[in-house]
Amino acid sequence: MNNPEQSFGKDLLGLKDLSATQIEKILDTAKTMKFILSQKNKKTGHLVGKSIVTLFYENSTRTRLSFELAAKYMSASASGVSSTNSSVLKGENLIDTAKTIDAMGTDVIVVRHPMSGAANLIAKSVNAGVINAGDGMNEHPTQALLDMFTITEKKGRVKGLRVAIVGDALHSRVVRSNIWGLTKLGAEVSIGAPATLLPPDIAKMGAKVYNSVQEAIVDADVVMALRMQNERQKSGLYPTAAEYAHFFGINENRIKLAKNDALIMHPGPINRGLELSSSVADCENSVINEQVTNGVAIRMAVLYLYTRGREV
Ligand code: CP
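On a predicted model such as this, the values are computed, not experimentally measured, just so you know.

J.: Quick one: what's the story with the sheet that holds strand S2 (residues 77-82), residue by residue and with numbers?
T.: Reading across from one edge, S2-S1-S3-S4 is the order of the four strands in this open sheet, with parallel pairing throughout. Each edge of the open sheet is held by one strand with a lone partner, namely S2 and strand S4 (129-135). With direction set aside, neighbouring strand axes in the sheet form an average angle of 15°. Bridge count for strand S3 (residues 108-113) against S4 is five bridges, and the pairing is parallel. Looking at the pairing, Ile-109 lines up with Val-130 of S4. On the sheet, helix H2 (residues 62-73) packs against strand S1 (51-56), S2, S3 and S4 and is oriented at approximately 155° with respect to S2.

J.: Quick rundown of the environment of Arg-62? Include the residues and the values.
T.: Looking at the secondary structure, you find Arg-62 in helix H2. Residues Arg-62 and Ser-286 lie 224 residues apart in sequence; the distance between their C-alpha atoms is 17 Å. Apart from residues lying up to four places away in sequence, Arg-62 is in contact with Pro-267, Gly-268, Pro-269, Val-292 and Arg-299.

J.: Outline the pattern of salt bridges, listing residues and values.
T.: Within this structure, the stated rule accounts for 11 salt bridges. Across the salt bridge formed by Lys-10 and Asp-11, the nearest N and O atoms sit 3.0 Å from each other. Between Lys-208 and Glu-188 there is a salt bridge, and its shortest N-O distance comes to 3.6 Å. Placement of the pair is Lys-208 in strand S7 (residues 208-210) and Glu-188 in strand S6 (residues 188-192), with a sequence separation of 20 residues. Judged by its relative accessible area of 33%, Glu-188 is partly exposed. Because the salt bridges share partners, they merge into one network encompassing Arg-162, Glu-188 and Lys-208.

J.: Requested: an account of the sheet that holds S7, with residues and values cited.
T.: Taken together, the five strands give an open sheet; going across it, the order is S7-S6-S5-S8-S9, and neighbouring strands pair in parallel fashion. With partners counted over all chains shown, the strands left at the sheet margins are S7 and strand S9 (263-265), one partner each. The average angle at which neighbouring strand axes cross in this sheet is 20°, direction not considered. Summarising the sheet, strand S5 (residues 162-166) and S6 pair through five bridges and their orientation is parallel. Each bridged residue has a counterpart across the sheet, and for Arg-162 the counterpart in S6 is Glu-188. Helix-sheet contacts for helix H5 (residues 141-155) involve strand S8 (222-225) and S9, and the interaxial angle to S9 is about 165°.

Definitions and limits used
Residues numbered from 1 in each chain as written. Predicted model: local features only at pLDDT ≥ 70, side-chain atom pairs only at ≥ 80, totals over all residues. Heavy atoms only, no water. Pairing = 2+ DSSP bridges. Helix = DSSP H or I, 4+ residues; strand = E, 2+ residues; numbered from the N terminus. Axes fitted to C-alpha atoms, helices over the stretch in contact; angles between N-to-C directions. Contact = heavy atoms within 4.5 Å. Salt bridge = Lys/Arg side-chain N within 4 Å of Asp/Glu carboxyl O. Buried < 20%, exposed > 50% of the residue type's maximum accessible area, 1.4 Å probe, protein only.

Shape is all these values report; function is a separate question.
Below you can see the structure in the form of structure tokens.
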């Protein structure tokens, strides 16, 4: 018998909607996928006959490529549409674009869009499963899943760990998905950012909030720096890059406040010298490249579980 707690619906829109059991099932499945990725022949038959389309209205290196590789490793067909190489440039709207992709018999649409709620909107309009690859300032569920997978791999657990997330929380979908996911798995999450870069409702999500990086990272088991999202900022929310780096950047001195074996994480791409110094980004505790590697395993797990769910 299927455990309903371990089954999945048509769409992965955010971690807010998932239970701890569902998150753990994805992380567990990703372990198997990572083993497959370690083999000489990475090809599996998990998604034979399926088609995956990535629909990206914002730039991406990691998320888009890892979804496309994940689909191909599992024998699905993978195609990409972006807002800069499609009929979006001729004025076709989001829903018509999604319905067009759906009408071609696509099984899964992986979407990234600058508007919060865009993935949700598409999910209601298409038969295909929809996976949110980042919607505005709302959620980036597969990023948080790969972050939790990396933490579990390195620390053996998430429960009871102190995870500090520092930087531009206001514009970050990564921070929201991580707060939902990490707190569901029992971590203590602290956020450190200047008041101008903190969303007003963030404490209600279950995180402790500090206006100083120092307070946020004391005794942390994991320090996750967030990218400064200048492209989403309408006016200067911090004085200068140098001042931001001085007061809020994670550098060699500041990281000493965290535990000696604290993991250094960043979703990428990094603004080196702004949110993270190169000496910290490249230090032996940094798992930033492993996050990228694990992104493929997590996206394989997600594609598998969300397409299999529709056949059970
Ligand atoms: N972390 C992340 O979403 O990176 P990309 O923008 O390169 O996909």
